[in-house]
Amino acid sequence: MLHLRAIVPADRTDAVCAALAECAGATNVVVLAGAARSPRGDLVTSDIAREAANEVLDALRGLGVDRDGSIALDKVDLTLSETAEEAKERAPGHGDDAVVWAELDRQVSEGTALTWSFVAFLVLATQLAGIAALIDSPVLVVGAMVLGPEFGAIAAICYGLVRWQPSHIVQAVRALVVGFTVAIVLTYACALVSRWTGVIELDRLPDERPLTAFIYSPDRWSFIVALLAGGAGVLSLTAGKSSALVGVFISVTTVPAAGNLAVALALKHGSEITGSLLQLAVNFAGMIIAGTLTLLVQKVLWSAVLRRGGRPAIGRRT
């Protein structure tokens, strides 16, 4: 269940309550007249089945509540209410299958923000990946995968393509390009300094790296894994299963390839430079393709669920 908290202009409170009454997945409606001070209005709260969230949000936006008041949705961890259970039963489909587009928009918007922390995490992850390349350590490769923050920006590209919001795509591409460029340049500089000071005693990366050679050796399996990871990552975001994202992080080799690229550039190891660049391209392409297709499939399937359940938009029922 989700908990709705809306500040509604007083002249639209009755319309909002009517919209909630029409929604089969809404219950526990409470109105506190004149309770809100900034912005001024009535406070309306309700418990809403996740699968009905888009219906309710569209209705409130249609009434201008987002413009002249405020709309907030919070996840409810525990609800002991027979009426809430009945609302979930009445709502079509299952909550895990529903994509709450406003929630996903917020998540991907945060993932595209080019913040200091985004760049710092990416730099640290790339540094770990560079060390992993030097000592052939799969443990450090996994650590770099988990630490990398890039999947949020990749998900934003998928969302932007499906909902056709070019601004999300541009912001995500900018975050990825700037973030990876800074991370690779700093790792390259650190590798050069380490080589000059004798910390790195190698003239080139080891020819035999049985545990981490996959980082710079993309093949059909690299693309297949990227496809699976992209689909799983988007599903974990839309279903609110954040724990599944860890599995996505340790499945793709974007950050490890970036770290390997930086070290290969510093040691002038041409073949691994090419392989690392190709691995980056394969992983990005696979995740974007799969993530976009996953969102499209979810959109189509959920539309079919609503049609089968006979759920016209609020305010259009006869």
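The model shown is predicted, which means the values in this text are computed figures rather than measured ones. (Residues numbered from 1 in each chain as written. Predicted model: local features only at pLDDT ≥ 70, side-chain atom pairs only at ≥ 80, totals over all residues. Heavy atoms only, no water.)

### Concerning the overall build of the protein chain
Scanning the protein chain from terminus to terminus reveals 13 helices and four strands. For the C-alpha atoms alone, the extent of the protein chain along its principal axes is close to 75 × 40 × 35 Å. Across the 318 residues that make up the protein chain, the buried fraction comes to 48%. Long-range pairs, those at least 24 residues apart, make up 79% of the contacts in the protein chain between residues at least 6 apart in sequence. Carbon and sulfur atoms make up 62% of the accessible area of the protein chain, which amounts to about 15400 Å² in all. Each charge class in the protein chain was averaged separately, 25 positive and 29 negative side chains, and the resulting centres sit 5 Å apart. (Helix = DSSP H or I, 4+ residues; strand = E, 2+ residues; numbered from the N terminus. Buried < 20%, exposed > 50% of the residue type's maximum accessible area, 1.4 Å probe, protein only. Contact = heavy atoms within 4.5 Å. Areas by Shrake-Rupley, 256 points an atom, 1.4 Å probe, with all protein chains shown as cover. Lys, Arg positive; Asp, Glu negative; His and termini not counted. Charge placed at Lys NZ, Arg CZ, Asp CG, Glu CD.)

### Details of the nonpolar core
Judged by nonpolar contacts, the single largest core of 46 residues is most densely connected at W101, L104, F151, L176, F180, V255 and L295. Per element, the largest residue contribution to this core is nine residues, and it comes from helix α8 (residues 151-163). Setting aside anything within four residues of it in sequence, one finds F180 in contact with L122, E150, T254, V255, A258, L280 and F284. Counting 13 residues, the second-largest nonpolar core is a separate cluster that includes L4, L20, V56 and V65. (Core = buried A, V, L, I, M, F, W, Y, C linked by side-chain atoms within 4.5 Å.)

### Quick notes on the environment of V119
On the secondary structure map, V119 appears in helix α6 (residues 116-135). Judged by its relative accessible area of 18%, V119 falls in the buried class. For the pair V119 and G148, spaced 29 residues apart in the sequence, the C-alpha separation amounts to 9.6 Å. Contacts of V119, omitting those with residues within four sequence positions, involve L114 and V182.

### Here we look at the sheet that holds strand β4 (residues 70-75)
Pairing is antiparallel in the open sheet, where four strands are placed in the order β2-β3-β1-β4. Either end of the sheet is taken by a strand with one partner, and the two such strands are β2 (26-37) and β4. The mean angle between the axes of side-by-side strands here comes to 15°, regardless of whether they run parallel or antiparallel. With seven bridges joining them, β2 and strand β3 (residues 40-48) adopt antiparallel strand pairing. Directly across from R37, in β3, lies its bridge partner R40. Helix α2 (residues 53-62) contacts β1 (2-8), β3 and β4 of the sheet and is inclined by roughly 165° relative to β4. (Pairing = 2+ DSSP bridges. Axes fitted to C-alpha atoms, helices over the stretch in contact; angles between N-to-C directions.)

### Remarks on the environment of G286
Note on placement: G286 falls in helix α13 (residues 270-308). Residues G286 and L228, 58 residues apart in the sequence, show an inter-C-alpha distance of 8.3 Å. Apart from the residues within four sequence positions on either side, G286 is in contact with F223, A226 and L227.

### As for the pattern of salt bridges
Applying the stated criterion across every chain, the model contains six salt bridges. One salt bridge connects E103 with R50, and the closest N-O pair in it is separated by 3.2 Å. Taken together, the residues E103 in helix α5 (residues 101-111) and R50 in the loop between β3 and α2 connect sequence positions 53 residues apart. Residue class for R50 comes out buried when judged on its relative accessible area of 13%. The residue R106 makes a salt bridge to E110 at a minimum N-O spacing of 3.2 Å. Taken together, the residues span about one helical turn, with R106 and E110 both in helix α5 at a distance of four residues. Here E110 falls in the exposed class, since its relative accessible area comes to 53%. Each of D11, R12, R67 and D68 takes part in one network of salt bridges that share partners. (Salt bridge = Lys/Arg side-chain N within 4 Å of Asp/Glu carboxyl O.)

### Describing the UniProt feature "transmembrane region" (unreviewed entry) in the protein chain
The positions that UniProt labels "transmembrane region" (unreviewed entry) are, in the present scheme, residues 113-135, 141-162, 174-200, 220-237, 244-267 and 273-297. Across residues 220-237, helical content stands at 100% and strand content at 0%; the span's end C-alpha atoms are separated by 26 Å. (UniProt positions renumbered as here; feature names shortened; annotations may be inferred.)

### A closer look at the side chain of H168
Of note, H168 is situated in helix α9 (residues 166-197). You can call H168 buried: its relative accessible area is 7%. There is a polar contact of 3.4 Å between the side chain of H168 and the side chain of D105. Residues contacting H168, with those up to four places away along its chain left out, are D105, V108, S109, T112, A156, Y159 and G160. (Polar contact = N/O pair within 3.5 Å; in protein donor to acceptor, adjacent residues only side chain to side chain.)

### Re unusual backbone geometry
A cis amide bond links S38 with the next residue in sequence, P39, at an omega value of -5°. Position of P39 relative to the elements: it lies in the loop between β2 and β3.

### Details of helix α7 (residues 138-147)
Three or more residues of α7 are buried, namely V141, A144 and M145. Down the axis of α7, the buried side of the element spans an arc of 100°, and every buried residue falls inside it. (Arc of directions from axis to C-beta.)

### Regarding a negative patch on the surface
On the surface, a cluster of negative charge is made up of E82, E85, E86 and E89. Under the relative-accessibility criterion, E82 is labelled exposed at 65%. (Patch = residues over 30% accessible without salt bridge, like charges linked within 9 Å, V, L, I, M, F, W, Y side chains within 5 Å.)

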